[in-house]
Amino acid sequence: MPKSASSSPKSFEAAVSELESIVQEMEAGTLALEDALARYQRGTQLLRYCQTTLGDAEQRVKMLEGGSLSDFQPEGRRDSEEGEGA
């Protein structure tokens, strides 16, 4: 039985797992219209939860890094790029 549309997931991972299950059910194309609409509604709630959770995690990382996050550069990449084409 599907979870209630108003219940919150236990964790980010649980939300992703439930969302994957909903996608599989909907892709199978065997759901009745009302069931498909209910799954779609639940999926959008889970998606918002995941987006909010990821946004919160990003803010926590920024706080931990003192707001000085920069793009990841693999070790040695800058040096090798500067020497190319010379």
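Look up: the structure comes first, before these words.
Description of the structure in this document. (Residues numbered from 1 in each chain as written. Predicted model: local features only at pLDDT ≥ 70, side-chain atom pairs only at ≥ 80, totals over all residues. Heavy atoms only, no water.)

For the rest of this paragraph, the subject is helix α1 (residues 12–28). Taking 1.5 Å per residue as the helical rise, α1 with its 17 residues ought to reach 24 Å, and the 25 Å between its terminal C-alpha atoms agrees with that figure. What α1 keeps buried is the set Ala15, Glu18, Leu19 and Ile22. For α1, the angular spread of the buried residues around the axis is 105 degrees, confining them to a single face. Across α1 from its buried face, at more than 90 degrees, point the exposed residues Glu13, Gln24, Glu27 and Ala28. Contacts made by the buried residues of α1 are with α2 (33–64). (Helix = DSSP H or I, 4+ residues; strand = E, 2+ residues; numbered from the N terminus. Expected span 1.5 Å × (residues − 1). Buried < 20%, exposed > 50% of the residue type's maximum accessible area, 1.4 Å probe, protein only. Arc of directions from axis to C-beta. Contact = heavy atoms within 4.5 Å.)

A few words now on the nonpolar core. Most often, soluble globular proteins have nonpolar side chains that are buried together. Ranked by size, the top nonpolar core spans 5 residues in total: Ala15, Leu19, Ile22, Leu46 and Cys50. Those elements giving two or more residues to this core turn out to be α1 and α2. When residues of this core are assigned to their parent elements, the largest contribution, 3 residues, is made by α1. Look past the residues within four positions of Cys50 in its chain and what remains in contact with it is Phe12, Ala15 and Val16. (Core = buried A, V, L, I, M, F, W, Y, C linked by side-chain atoms within 4.5 Å.)

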